[in-house]
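The residues making up each chain are set out below.
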Amino acid sequence: MKPKNKQAKFILIFAIAFLLMMLVVLVLIVLTLEQGQTQEKQQNTIDISTVSDRKEAKNITIREIIENSGSKFIGVERSVYINIYADFKNDLYDKNGRSNEKYFNDIIAQIVDLEKSSFYLIDNDKNIKIFVLYDKEKDKYTIKINEIEDFYDETDGETYVDIANTQIVKKTLFAVSNDFYYNLQVHNYSFANTILVTSEREELPNGYYKYPTEHIKAKLGGSKVLNLIFDEDYEEPISTSAVLANTKLEDIEAKFKEPGFGSSREGYLGYRTDSEYTFFYGDEVSIYPYKYEANEYFDEYLTDYCATGDLDKLVSDFTTRWSSYFEFDYDSENQNLKLTFPTRGIAMDIKGNNSRGITIYSNYYLTDTVKELIKQNKITLKPNEDLILITEKNRRESMK
């Protein structure tokens, strides 16, 4: 073959190879751009075209969309926005703390594709309120769940699980049976007209009063007895079965099995009834009258503070009407607050006016209001800690 023909053939092969390579590069660029656009769209909104057959989807109803998701359809109200009520099969997180974001996004995408309008998805029993704001010009929508944008980035499933599993320590068959304590109960734990008024007393460094001749110590708040302690020399029975302050723990545990806290081996026993926590040590008995019930005032105070950040008002709310706090220290200038209500299960250790310093313990009666504040990360939950037990351990240590 002539040299010129060989050269021409080589040039032709090279040109074809070059063109093929350029074609591959162009295809890769197009694919990359499409993937980038898809990712950008997913970051800002949920893709409206996730419905597989858009023509078929136009013939479906809101009711069918809800029921096809395994949920119960309740009804629709059409006003400024469409309000869709349902009993959803899933909560925002499952019982293991895993996100159900995809489940709700699939429902939302289908309803947007059908309605092309803004709407609410509401499940009152599960406290779910999802607002979908639709932009007709851009054919995009944004989602706000329970007033939180980027809900699944701002919340975590562990908190939801903690809320679901939080419960106060179990009750036992134990009951306090003591004449002096009964008299306090009858008078709503006011120490007026009792030996706590008439007997000589000595103030202890930890805020307690000691009544030596009566073999009693007491923590007082306002006119109320917050914590009552019988010394080992106190001779009257504390409970049925002739249990005294100095009765051996092994004997108490044999009569009242499965205490809520501790064991004879651990050196203390703790029992909860409907109206008190009682702790035995063999050398003293400590009793805390308490309430485990919803407190609408506390919930109102917390909600108002989390919305306004007015710490001065929070202090006034919690201390003007209520005197059952064990600790109180307020630095208004630096916006620091130390305030604890052990028998209600709430403690505030706020620094720099940060609401996360409000901690809810397992012996706080969790209402839907407080659950929402916890879910929104506005206040803190310690689901496995009882504030009365913590307070009692600190009290015991301070008196050694």
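You'll find the structure just up there.
Residues numbered from 1 in each chain as written. Predicted model: local features only at pLDDT ≥ 70, side-chain atom pairs only at ≥ 80, totals over all residues. Heavy atoms only, no water.

Caption draft 1: Summary view of helix α11 (residues 311-320). Of all the residues in α11, the buried ones are Leu-311, Leu-314, Val-315, Asp-317 and Phe-318. Buried positions in α11, seen along its axis, are confined to an arc of 165° and lie on one side of it. Where α11 is buried, its residues contact α10 (296-308), β15 (327-331), β16 (336-341), β17 (346-350) and β18 (358-361). One side-chain oxygen at the N-terminal end of α11 lies 3.3 Å from the backbone nitrogen of Asp-312; it belongs to Asp-310. (Buried < 20%, exposed > 50% of the residue type's maximum accessible area, 1.4 Å probe, protein only. Helix = DSSP H or I, 4+ residues; strand = E, 2+ residues; numbered from the N terminus. Arc of directions from axis to C-beta. Contact = heavy atoms within 4.5 Å. Polar contact = N/O pair within 3.5 Å; in protein donor to acceptor, adjacent residues only side chain to side chain.)

Caption draft 2: Structural context of helix α6 (residues 157-165). Taken together, the buried positions of α6 are occupied by Gly-157, Thr-159, Tyr-160, Val-161 and Ile-163. Tucked inside the fold, the buried residues of α6 contact α5 (151-154), α12 (368-375) and β19 (380-382). Where α6 begins, the capping side chain belongs to Asp-156, and its oxygen is found 3.2 Å from the backbone nitrogen of Glu-158.

Caption draft 3: Seen up close, the sheet that holds strand β2 (residues 82-87). The six strands are arranged β1-β2-β3-β4-β5-β6 in an open sheet whose pairing can be described as mixed. The open sheet has two edge strands, β1 (72-78) and β6 (148-149), and neither has a second partner. (Pairing = 2+ DSSP bridges.)

Caption draft 4: Summary view of the pattern of salt bridges. Taken as a whole and assessed by the stated rule, the structure comprises 20 salt bridges. In this structure, the salt-bridge partner of Asp-139 is Lys-116, at a minimum N-O distance of 3.2 Å. Of the two residues, Asp-139 is situated in the loop between β4 (128-135) and β5 (140-145) and Lys-116 in the loop between α4 (101-115) and β3 (119-123); the sequence distance between them amounts to 23 residues. Among the salt bridges present, the one from Arg-396 reaches Glu-284, with a minimum N-O distance of 2.7 Å. (Salt bridge = Lys/Arg side-chain N within 4 Å of Asp/Glu carboxyl O.)

Caption draft 5: Looking closely at the side chain of Lys-217. Secondary-structure assignment places Lys-217 in strand β9 (residues 216-221). You can call Lys-217 buried: its relative accessible area is 13%. Engagement of the side chain of Lys-217 in a polar contact is seen with the side chain of Asp-231, the distance being 2.8 Å. Once you skip the residues sitting within four places of it in the chain, Lys-217 turns out to touch Leu-204, Tyr-209, Lys-210, Asn-227, Leu-228, Ile-229, Asp-231, Glu-284 and Met-399.

Caption draft 6: Geometry of the nonpolar core. In this structure, Ile-66, Ile-84, Phe-88, Leu-92, Phe-119 and Leu-121 are the most contacted members of the largest nonpolar core, which totals 30 residues. For this core, the element with the highest residue contribution is α4, accounting for seven residues. Excluding anything up to four places from it in sequence, Phe-119 contacts Ile-82, Ile-84, Ile-108, Ile-111, Val-112, Ile-130, Phe-131 and Val-132. Counting residues in hydrophobic clusters, the runner-up holds 28 residues, among them Phe-174, Tyr-181, Tyr-211 and Leu-220. (Core = buried A, V, L, I, M, F, W, Y, C linked by side-chain atoms within 4.5 Å.)

Caption draft 7: How the structure looks around the environment of Asp-251. With respect to the helices and strands, Asp-251 occurs in helix α9 (residues 249-255). What makes Asp-251 partly exposed here is its relative accessible area of 38%. Distance in space between the C-alpha atoms of Asp-251 and Ser-264 is 9.0 Å, their sequence separation being 13 residues.

By themselves, these observations are geometric and do not establish any function.
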